[in-house]
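Residue strings, one per chain:
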Amino acid sequence: MSAPPAPRPARPAVPDARWAGKPLRRLTAAELAEALQYLERHRPDDDVLGRALAGEFARRTAAEHHAFHFD
(Lines give C-alpha, C1' and ligand atoms only; values in the text may rest on other atoms or scores of the structure.)
Protein backbone atom coordinates (compact mmCIF):
# COMPACT_ATOMS: atom_id res chain seq x y z
CA MET A 1 0.00 0.00 0.00
CA SER A 2 1.22 3.45 -0.77
CA ALA A 3 0.90 6.46 1.48
CA PRO A 4 -1.81 9.00 0.70
CA PRO A 5 -0.64 12.06 -1.22
CA ALA A 6 0.59 15.01 0.81
CA PRO A 7 -1.99 17.72 1.27
CA ARG A 8 -1.68 20.71 -1.02
CA PRO A 9 -0.71 23.94 0.71
CA ALA A 10 -3.68 26.17 1.34
CA ARG A 11 -3.95 29.43 -0.52
CA PRO A 12 -3.52 32.40 1.74
CA ALA A 13 -6.69 34.29 2.51
CA VAL A 14 -7.16 37.51 0.57
CA PRO A 15 -8.69 39.95 3.04
CA ASP A 16 -10.95 42.62 1.58
CA ALA A 17 -9.68 42.23 -1.99
CA ARG A 18 -12.18 43.71 -4.44
CA TRP A 19 -10.60 41.71 -7.23
CA ALA A 20 -10.77 38.25 -5.64
CA GLY A 21 -13.23 36.03 -7.46
CA LYS A 22 -13.90 38.46 -10.32
CA PRO A 23 -13.40 37.35 -13.92
CA LEU A 24 -10.18 38.76 -15.37
CA ARG A 25 -12.00 40.86 -17.98
CA ARG A 26 -14.02 42.63 -15.26
CA LEU A 27 -11.04 43.75 -13.18
CA THR A 28 -10.16 47.43 -13.30
CA ALA A 29 -6.56 48.48 -13.96
CA ALA A 30 -6.21 49.32 -10.26
CA GLU A 31 -7.53 45.88 -9.26
CA LEU A 32 -5.13 44.21 -11.71
CA ALA A 33 -2.23 46.12 -10.17
CA GLU A 34 -3.35 45.15 -6.67
CA ALA A 35 -3.70 41.50 -7.68
CA LEU A 36 -0.21 41.53 -9.21
CA GLN A 37 1.25 42.99 -6.02
CA TYR A 38 -0.53 40.37 -3.94
CA LEU A 39 0.65 37.57 -6.22
CA GLU A 40 4.24 38.80 -6.08
CA ARG A 41 4.18 38.79 -2.26
CA HIS A 42 2.28 35.56 -1.65
CA ARG A 43 2.55 33.30 -4.70
CA PRO A 44 5.63 34.27 -6.68
CA ASP A 45 5.82 30.80 -8.25
CA ASP A 46 2.38 31.03 -9.93
CA ASP A 47 3.69 31.89 -13.40
CA VAL A 48 0.46 31.20 -15.27
CA LEU A 49 -1.67 33.52 -13.15
CA GLY A 50 1.07 36.15 -13.04
CA ARG A 51 1.40 36.16 -16.83
CA ALA A 52 -2.36 36.39 -17.30
CA LEU A 53 -2.65 39.32 -14.88
CA ALA A 54 0.41 41.10 -16.30
CA GLY A 55 -0.77 40.61 -19.88
CA GLU A 56 -4.21 41.99 -19.12
CA PHE A 57 -2.71 44.90 -17.17
CA ALA A 58 -0.39 45.74 -20.09
CA ARG A 59 -3.25 45.50 -22.60
CA ARG A 60 -5.46 47.79 -20.51
CA THR A 61 -2.84 50.40 -19.79
CA ALA A 62 -1.76 50.45 -23.45
CA ALA A 63 -5.39 50.92 -24.52
CA GLU A 64 -5.85 53.74 -21.99
CA HIS A 65 -2.61 55.38 -23.12
CA HIS A 66 -3.65 55.10 -26.78
CA ALA A 67 -7.12 56.51 -26.10
CA PHE A 68 -5.67 59.38 -24.05
CA HIS A 69 -3.28 60.50 -26.77
CA PHE A 70 -5.50 60.04 -29.81
CA ASP A 71 -8.97 61.17 -28.76
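Below: a short report on this structure. (Residues numbered from 1 in each chain as written. Predicted model: local features only at pLDDT ≥ 70, side-chain atom pairs only at ≥ 80, totals over all residues. Heavy atoms only, no water.)

Okay, the overall build of the protein next. Within the protein, the regular secondary structure consists of two helices and zero strands. Looking at the protein as a whole, 20% of its 71 residues are labelled buried. Pairs at least 24 apart in sequence give 50% of the contacts found in the protein among residues at least 6 apart. Accessible surface, the protein: about 6000 Å² in total, of which carbon and sulfur atoms supply 58%. (Helix = DSSP H or I, 4+ residues; strand = E, 2+ residues; numbered from the N terminus. Buried < 20%, exposed > 50% of the residue type's maximum accessible area, 1.4 Å probe, protein only. Contact = heavy atoms within 4.5 Å. Areas by Shrake-Rupley, 256 points an atom, 1.4 Å probe, with all protein chains shown as cover.)

With that settled, the discussion passes to the nonpolar core. Counting eight residues, the largest nonpolar core is built from Ala-17, Trp-19, Leu-27, Leu-32, Ala-35, Tyr-38, Leu-39 and Leu-53. If one sorts the elements of this core by residue count, helix α1 (residues 29–42) sits on top with four residues. (Core = buried A, V, L, I, M, F, W, Y, C linked by side-chain atoms within 4.5 Å.)

All right, on to α1 then. For α1, built from 14 residues, the straight-helix expectation of 20 Å at 1.5 Å per residue is met to within 8% by its first-to-last C-alpha distance of 20 Å. Among the residues making up α1, those that are buried are Ala-29, Glu-31, Leu-32, Ala-35, Tyr-38 and Leu-39. (Expected span 1.5 Å × (residues − 1).)

Before going further, it helps to examine the side chain of Glu-56. Take Glu-56: it is sitting in helix α2 (residues 47–70). The contact partners of Glu-56, leaving out residues within four places of it in the chain, are Leu-24 and Leu-32.

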